[in-house]
Amino acid sequence: MENISTIGRRKEANARVRLSSGNGQIIVNGKPIAEYFAGPLLQKIYMKPLEITQTSKKFTISVKVVGGGQVSQLKAVIHGISRAIAKQTPALRTTLKKAGLLTRDARVK
């Protein structure tokens, strides 16, 4: 499988996501995602697109996120991961769309 690159956005936050086949590791700005977005509640949120599509151990994901606050960055990462999964496996697009994970929230202050 080739690397798939997508961009996720939420308010002022932009996340560049690179998805490749691997072991389920997710790196955000050079740190493991559990360290970057600490806490069990946030972990439940960022794992949602992987759990819905049952691909949590299938991909290695690298993310570079800038701008916005912590929650906006988290939502941008989720949007980017969802878009990458939909691009890699088009059959999963409807599942992600029904869960509302492919919709960009464009509200900016």
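Residues numbered from 1 in each chain as written. Predicted model: local features only at pLDDT ≥ 70, side-chain atom pairs only at ≥ 80, totals over all residues. Heavy atoms only, no water.

(A) A look at the nonpolar core. Within the largest apolar cluster, 29 residues are counted, with the highest numbers of intra-cluster contacts made by F37, I61, V63, V77 and I85. Counting only elements with at least two residues in this core, the list comes to strand 2 (13-21), strand 3 (26-28), helix 2 (40-46), strand 5 (59-66) and helix 4 (70-88). Among the elements that make up this core, the one with the highest residue count is helix 4 (eight residues). I85 has contacts with L19, P49, L50, T53, T55, F59, L92 and L96, leaving out every residue within four places of it along the chain. (Core = buried A, V, L, I, M, F, W, Y, C linked by side-chain atoms within 4.5 Å. Buried < 20%, exposed > 50% of the residue type's maximum accessible area, 1.4 Å probe, protein only. Helix = DSSP H or I, 4+ residues; strand = E, 2+ residues; numbered from the N terminus. Contact = heavy atoms within 4.5 Å.)

(B) The arrangement of the pattern of salt bridges in detail. Counted by the stated rule, this structure contains two salt bridges. We note a salt bridge from R10 to D105, for which the minimum N-O separation is 3.2 Å. With R10 in strand 1 (residues 4-10) and D105 in the segment after helix 5 (93-98), the pair connects residues that are 95 residues apart, well separated along the chain. On the basis of relative accessible area, R10 is assigned to the buried category, the value being 14%. Judged by relative accessible area, D105 falls into the partly exposed class, the value being 22%. When the shortest N-O distance is used, the salt bridge between D105 and R107 registers 2.7 Å. The exposure class of R107 is exposed, given its relative accessible area of 56%. Within this structure, R10, D105 and R107 form a network of salt bridges that share partners. (Salt bridge = Lys/Arg side-chain N within 4 Å of Asp/Glu carboxyl O.)

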